[in-house]
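Structural description and commentary
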Amino acid sequence: MKFFRVVPMLALALLFACNPLKQMQTLQSSVSESFASGNYEQTLVSYDQLKKYQSDKGAATDLTYLKMAAKAANELKRYSRSEELLKGWLERSEDEEAVLLLGELYQKTNQPRKEQDHWKKYFSLVTSDEVKMDILSRQFRLEMKNENYEAALELWDRMPPTNVPELLFMRAEALKATGKEEEADAIVEKILARNPDFEPALFWKGVNVYNNAEKWFQSEMAKYNKKPDYTTYVYLRRELKKISTLYRQSRDMFEKMRGIDPANNTYIKYLKNIYLRLEMKAEAAKLDMLLNNQR
């Protein structure tokens, strides 16, 4: 009786071995079922078996199973393998899902050059405006970090309108670096109109006002020193009153900044100089003492 039980089992094994379609279907089912159940390790094992089996038969693995394997490797944080599989996916079908997954992978693994090249090639496949904004703003930040200001401004022209102060301020920096200072100053004014406590913009404007006052002050003093008579002195006093208005404007901004960051020595140094110009000697002395104590 035992002999008769073994014969059918051997017959089934032989039938399976002689049925390539059944073998392939079994391996395909294993990939699908493993992926559906979240068993990503087994998904990759089964995919590799399926790929080898079909490669031996001279056939390519169905794209459906390649997608599952790519996603499984990504879930397992096997980024090198995931990159390889996602590239294979994109070679066969330029799907938006693969584009986004590979771009995210390059971001996670801190590969900015690959990330930038990837988006240059595949950005047109992205459909969501929100995702486009995320991608472009990240690329913009990367170009700014690398001081590629012209490239950053080109990216800005492709970005949807935004009022994010950090991004607007970086645009102002790029414009200034490329010689467009008036446009940069106008953006800083726009930032402060909406975000009056945004520190980088406050510092930008505070320094600009201070520098304008200082330049004017030095110019008038040079005129007086060249011809120090009564007429020039009267003219100097009149101009100094106008210049003091600028110093007071910059003082108010630096006092506001110091309220945000009291220990910032840069703010303290500017304030000390402004107080001296405004003949606020007691206030300047206090700040000078503070600076000396911090050395």
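Heads up: the structure comes first, above all this text.
**Some points on the packing of aromatic side chains**
- Scanning the model with the defined rule gives twelve aromatic pairs in all.
- Arranged with centres 6.1 Å apart and planes meeting at 90 degrees, the rings of phenylalanine 203 and phenylalanine 254 form a pair that is edge-to-face. On the criterion of sequence distance, the pair formed by phenylalanine 203 in helix H12 (residues 199–226) and phenylalanine 254 in helix H13 (residues 230–260) is long-range, its members being 51 residues apart.
- Look at phenylalanine 203 and you get partly exposed, because its relative accessible area is 28%.
- With relative accessibility at 0%, the residue phenylalanine 254 sits in the buried group.
- Seen in terms of ring centroids, phenylalanine 254 and tyrosine 270 are 4.7 Å apart; in terms of plane orientation they differ by 15 degrees. Their pairing is stacked.

**Quick look at the packing of helix H6 (residues 96–108) against helix H7 (residues 112–122)**
- One way to put it is that H6 packs onto H7 with a least axis distance of 9 Å and a crossing angle of 160 degrees. As the angle between them shows, H6 and H7 are arranged roughly antiparallel. For the crossing formed where H6 meets H7, the hand is left-handed. For the pair H6 and H7, the contacting residues are Val99, Leu100, Leu102, Gly103, Tyr106 and Gln107 in the first and Lys114, Glu115, His118, Trp119 and Tyr122 in the second.

**A closer look at the side chain of threonine 232**
- Here threonine 232 lies in helix H13.
- In this structure the side chain of threonine 232 is engaged in a polar contact, spanning 2.6 Å, whose partner is the side chain of aspartate 229.
- Discounting residues that sit within four places of it in the chain, threonine 232 has contacts with Lys223, Tyr224 and Lys227.

**A few points about unusual backbone geometry**
- One non-glycine residue, asparagine 110, adopts positive backbone phi at about 55 degrees.
- Here the phi dihedral of glutamate 279 falls at roughly 60 degrees; this positive angle occurs in a residue that is not glycine.
- Relative to the assigned elements, glutamate 279 resides in the loop between helix H14 (265–277) and helix H15 (281–293).
- Among the residues examined, glutamate 279 registers a relative accessible area of 64% and is labelled exposed.

**Points about the pattern of salt bridges**
- For the structure shown, the criterion picks out 21 salt bridges.
- The shortest N-O distance in the salt bridge between lysine 87 and glutamate 83 comes to 3.3 Å. Taken together, the residues span about one helical turn, with lysine 87 and glutamate 83 both in helix H5 (residues 79–92) at a distance of four residues.
- Under the relative-accessibility criterion, lysine 87 is labelled partly exposed at 37%.
- Here aspartate 197 ties to lysine 256 by a salt bridge, and the two come within 3.0 Å at their closest N and O atoms. Of the two residues, aspartate 197 sits in the loop between helix H11 (181–194) and H12 while lysine 256 sits in helix H13, which places them 59 residues apart along the sequence.
- Residues participating in the shared-partner salt-bridge network are Asp48, Arg81 and Glu84.

**A word on the layout of surface pockets**
- There is about 230 Å³ of room inside the largest pocket.
- Every residue along the wall of the largest pocket is listed here: Phe217, Arg237, Leu240, Ile243, Ser244, Tyr247, Arg248, Leu276, Arg277, Leu278 and Glu279.
- Counting only elements with at least two residues in the lining of the largest pocket, the list comes to H13 and H14.
- With six residues, the single largest contributor to the lining of the largest pocket is H13.

Rules and cut-offs
Numbers given for residues are sequential positions, taken from 1 along each chain in its written order. In view of the model being predicted, local features appear only for residues whose pLDDT reaches at least 70, and side-chain atom pairs are presented and counted only at 80 or more, with totals across whole chains, interfaces and linings using the full set of residues. With hydrogens and water excluded, all non-hydrogen atoms of the structure serve as input to the side-chain values. Working definition: a ring pair exists when centres of Phe, Tyr or Trp rings (six-membered ring for Trp) sit within 6.5 Å. Plane angles under 30 degrees give stacked, over 60 give edge-to-face, the rest tilted. Elements are defined by DSSP. Helices are runs of H or I of four residues or more, strands are runs of E of two residues or more, and each kind is numbered from the N terminus. When a residue's accessible area, from a 1.4 Å probe over protein chains only, is under 20% of the maximum for its type it is buried; when over 50% it is exposed; and in between it is partly exposed. Between N-to-C directions, angles span 0 to 180 degrees; the directions come from axes that are lines fitted to C-alpha atoms, helices contributing only their stretch in contact. In what follows, roughly perpendicular refers to angles from 65 to 115 degrees, roughly parallel to angles under 35, roughly antiparallel to angles over 145, and oblique to any angle outside these ranges. In this scheme the crossing of two helices becomes right-handed for a clockwise turn of the near helix relative to the far one and left-handed for an anticlockwise turn of less than a right angle. Should any heavy atoms of two residues lie within 4.5 Å, those residues are counted as being in contact. Pairing of N or O atoms within 3.5 Å defines a polar contact, subject to two protein rules: one partner must be a possible hydrogen donor and the other a possible acceptor, and residues neighboring in sequence count only if both atoms are side-chain atoms. Salt-bridge detection follows one rule: a side-chain nitrogen of Lys or Arg within 4 Å of a carboxyl oxygen of Asp or Glu. A pocket, in this scheme, is an open set of points on a 1 Å grid over the protein atoms alone with protein on both sides within 12 Å along at least 5 of 7 lines, while a cavity is a set where a 1.4 Å probe fits but cannot get out; residues line either one if an atom lies within 4 Å of a point. Grid points are joined across faces, edges and corners, and a volume is the space filled by probe spheres set on the points.

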